[in-house]
Amino acid sequence: MATNPSKSNEVEQLVIDTEDDEDYDDGQAEGWEDWNADESEDNGDGDGDSEFKCLFCESNFGSCGSFFEHCASVHYFDFAGIKKSLDLDFYGCVKLVNYIRRMVARNTCWSCGQQCMSIEELQNHLHEPSISKELKQFWDDEKYLQPFREGDSLLYSFDQDEDFEEDESIPFVHQEELMKIREEVGNICINDEIMVDTDASTSFASNGKGMKEQASTSDSSVNVTSLSHKEKVNGICVQHDSSYQKKTDMPLKVSFANVAASEIRKVNESYFGSYSSFGIHREMLSDKVRMDAYGQAILKNPSLLNGATVLDVGCGTGILSLFAAQAGASRVIAVDASAKMASVATQIAKDNGLLWIGNVGNGDEQRKGVVEVVHGMVEDLDKSLQIKPHSIDVLLSEWMGYCLLYESMLSSVLYARDRWLKPGGAILPDTATMFAAGFGRGGTSLPFWENVYGFSMSCVGKELVEDAAEVPIVDVIDSRDIVTDTAALQTFDLATMRLDDLDFTSCIELQPTSDCPTKSIDAKSEPTWCHGIVLWFDTGFTSRFCRETPANLSTSPYTAKTHWAQTILTFKEPIALSLENPNLEKSAPVGTECCPASKIQLRISIARASQHRAIDISIEPSGVGHDGRKWVWPAQIFNLL
């Protein structure tokens, strides 16, 4: 993810790359899942009442009041004053506490960033902080919602004496229902924050309003962090509201992660419910490019599938599972979250004599079928079927969505990979690559509206193009309308990638093609107009696993069309390009007809959006002239919802 170039050096000193901080991002996440707030931490002194450990030293206290009084008088940390001055809400306070604990663990001053040699030196160094808005940005990161110290009593108690903004719309939920939601959603990986009083039997959660947040731009440069300034739940990004309700008679309080879990469940129900329609399955089964690639990879690699145990994630009609059974797999576990399609897949496997039903009668006779169909999300597979960890030979899935990542099931595939795939086991497909190229006027709706039965309706075309500059379009684009070369945007290795790799930023260059099919010979000297970029993807079944017959599934505009089509992102204004160095009008901006650009430089960021299964795409185009001058256009944000 990109960082904001406007940050001061002092800020950069304090902001530490989380990718290198495994003790915080990985180890703490694992501990957080098992944390139960009613199991108070043993402080080692045998005093069960001393549950609040000082932020800066080894002292322990039995109440928040004495805790904060000590911090203010000894360590110059006035919590109430800082909260009021910086207008911190409940979540801001949680972030502040976790941030300070993290800095102190590194013998680093939380307010100025000075690195000390020991904890004693740090305690002697501590001073009154300079309160400013710049100070707040040190911990204004969703990662600090994750407890740095397991079982930190402070995180679910310091609000008892504080007046956070009330919100009467916060719903009440029973603890049993909360646990049910958490189980149904699966592994809530980071911000699964629960604040508990052991005598409580009911709970309430924040209402999760304000889920939409506008990404900020500065100096024509997208702050990509703002695109993903979201909490991660089950590996999915969600934004949240800062409102919080205090109920003195309701001691059990549940954080916004549980409301996010409920929202995710609703999105999942809608998503999987949409696949109950046979129309979409007919479209996918009729996609020859799709079926040929999967058929070749499964049926023409006997050394991979013969005798293998296969897990098919998101089986739909079960066609890939049937291929695997036909290829000689000894066991195929087909999983689908749609109750309708799980039932249909079961019937199809049965009708074709491939359904495994177990032992028949009291004897040892067994059906010859090998396909077992399970209804449910793969994250909940353990509830329906006992599978030994790391016992699957081949993990199979057709998980790709529009623009590869929209509505994709890749997070579920990676979960299944990490839990059940054998070391060195095969994952099909095993690679995915995203591509980008510039498209010309023919890729827009302008030509159609210029002449409608002899009448000009250009005003409609112009309005549609303006709208297209804000909303991505999924459609098939003619390869003849591509006006630049192609650049690889991002490649994923599904055997090794992490879930966080789904959020990325890439910089590419696009140069005009030497031969544009839509240009006449007389117009070769005129500039080529690039109206935007088109994205597509390839997935590979490489020789790493498919040794006999590798395969490739391409959604390129240069190959046969697929049901994925391509994703079209339109510039707010077209950019003029030319291969040759024309007679430049040096006063004209680069990228105009008077001064065409020699190439387009693009910074493209793709991140999981606040809405579950959606993605945000930002593009920052700039034109480079033949004389080296550069023109930068404002960044554009597209939401693929």
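Cut-offs and rules
- Residues numbered from 1 in each chain as written.
- Predicted model: local features only at pLDDT ≥ 70, side-chain atom pairs only at ≥ 80, totals over all residues.
- Heavy atoms only, no water.
- UniProt positions renumbered as here; feature names shortened; annotations may be inferred.
- Helix = DSSP H or I, 4+ residues; strand = E, 2+ residues; numbered from the N terminus.
- Salt bridge = Lys/Arg side-chain N within 4 Å of Asp/Glu carboxyl O.
- Buried < 20%, exposed > 50% of the residue type's maximum accessible area, 1.4 Å probe, protein only.
- Axes fitted to C-alpha atoms, helices over the stretch in contact; angles between N-to-C directions.
- Parallel < 35°, antiparallel > 145°, perpendicular 65-115°, else oblique.
- Left-handed = near helix turned anticlockwise from the far one by under 90°.
- Contact = heavy atoms within 4.5 Å.
- Phe/Tyr/Trp six-rings, centres within 6.5 Å; stacked < 30°, edge-to-face > 60°.
- Pairing = 2+ DSSP bridges.
- Right-handed = clockwise from strand over helix to strand, strands pointing away.
- Arc of directions from axis to C-beta.
- Polar contact = N/O pair within 3.5 Å; in protein donor to acceptor, adjacent residues only side chain to side chain.
- Core = buried A, V, L, I, M, F, W, Y, C linked by side-chain atoms within 4.5 Å.
- Domains from an automatic or database assignment.

As annotated in an unreviewed UniProt entry, the protein chain is C2H2-type domain-containing protein from Opuntia streptacantha.

Examining the UniProt feature "domain: C2H2-type" (unreviewed entry) in the protein chain
The feature "domain: C2H2-type" (unreviewed entry), as given by UniProt, occupies residues 54-75 in the numbering adopted here. For residues 54-75, helix accounts for 55% and strand for 9%, while the C-alpha atoms at its two ends are 10 Å apart.

A look at the pattern of salt bridges
With the rule as written, the count across this model stands at 20 salt bridges. Salt-bridge contacts for K288 lead to D292; the nearest nitrogen and oxygen are separated by 2.6 Å. Placement of both K288 and D292 in helix α12 (residues 288-299) is noted, with a separation of four residues, approximately one turn of the helix. Residue D292 is classed as partly exposed on the basis of its relative accessible area of 40%.

A closer look at the packing of α12 against helix α14 (residues 319-326)
Between α12 and α14, the shortest axis-to-axis distance is 9 Å and the interhelical angle comes to 30°. Between α12 and α14, the angle is such that the two are roughly parallel. You can see that α12 and α14 cross each other, and the crossing is right-handed. In contact with M291, Y294, G295, I298 and L299 of α12, α14 contributes I319, L320, F323, A324 and Q326.

A closer look at the packing of aromatic side chains
Here the structure, examined in full by the defined rule, presents 16 aromatic pairs. Their ring planes at 80° and their centres at 6.4 Å tell us that F61 and F67 sit as a pair that is edge-to-face. Summarising the burial analysis for this pair, F61 and F67 share the class buried. An angle of 45° between the planes, with centres 6.5 Å apart, marks the rings of F77 and F79 as tilted. Residue classification places F77 among the buried positions, given a relative accessible area of 0%. Using a relative accessible area of 2% as the deciding quantity, one classes F79 as buried.

A few points about the pairing of strand β14 (residues 392-397)
Of all six residues that make up β14, five are buried, and the element is covered over most of its length. Both strand β11 (residues 309-313) and β14 contribute to a ladder of four bridges, which runs parallel. Each residue of the ladder has a partner; that of L311, found in β14, is L395. In this structure, β14 lies alongside strand β15 (residues 421-428), joined through four bridges in parallel fashion. By the bridge assignment, V394 is partnered in β15 with A426. Handedness of the crossover joining β14 and β15 through helix α17 (residues 410-420) is recorded here as right-handed.

Section: unusual backbone geometry
Across the chain, the bulk of peptide bonds are trans and the bulk of non-glycine residues have phi less than zero. A cis amide bond links L428 with the next residue in sequence, P429, at an omega value of -5°. The phi dihedral of Y76 is positive, around 60°, even though this residue is not glycine. Here H390, not a glycine, exhibits a phi torsion of approximately 55°, which is positive. Inspection of the secondary structure puts H390 in the loop between α16 (381-384) and β14.

Structural notes on helix α19 (residues 458-468)
Looking only at α19, the buried set comprises G461, V465 and A468. Projected down its long axis, α19 shows its buried positions confined to an angular sector of 60°, all on one face. Structural note: α19 exposes C459, K462, E463 and E466 on the side pointing more than 90 degrees away from its buried face. Along its buried surface, α19 packs onto α18 (446-450), β17 (473-475), β22 (566-577) and β26 (636-640).

Brief notes about the side chain of E398
One can find E398 in the loop between β14 and α17. At a separation of 2.7 Å, a polar atom in the side chain of E398 contacts the side chain of R290. A distance of 3.3 Å separates a polar atom in the side chain of E398 from the backbone nitrogen of M400. Look past the residues within four positions of E398 in its chain and what remains in contact with it is M284, R290, Y294, V313, L320, M409 and W564.

Notes on the sheet that holds β15
Where strands meet in a sheet, backbone hydrogen bonds hold them as pairs that are either parallel or antiparallel. If you walk across this open sheet you meet the five strands as β13-β12-β11-β14-β15, and the pairing is parallel. What marks the edges here is a single partner per strand, and that holds for β13 (371-375) and β15. The average undirected angle you get between the axes of adjacent strands in this sheet is 20°. The sheet contacts of α17 involve β11, β14 and β15, and relative to β15 the element is tilted by about 150°.

Side note on the pairing of strand β24 (residues 615-625)
Most of β24 is tucked away: eleven of the eleven residues are buried. When strand β23 (residues 597-608) meets β24, the two strands line up antiparallel, connected through eleven bridges. Residue pairing across strands places R603 opposite E620, the latter belonging to β24. The sheet contact formed by β24 and β26 spans five bridges and is antiparallel.

As for the nonpolar core
With 100 residues, the main nonpolar core has L311, L405 and I617 as its most contacted residues. When residues of this core are sorted by domain, at least three fall in each of domain 2 (278-358 + 367-428) and domain 3 (431-640). Residue contacts for L405: discarding those within four places in its chain leaves L410, M434, F492, L502, F504, I606 and I615. In this structure, F77, F79, L145 and L155 belong to the second largest nonpolar core, which totals 37 residues.

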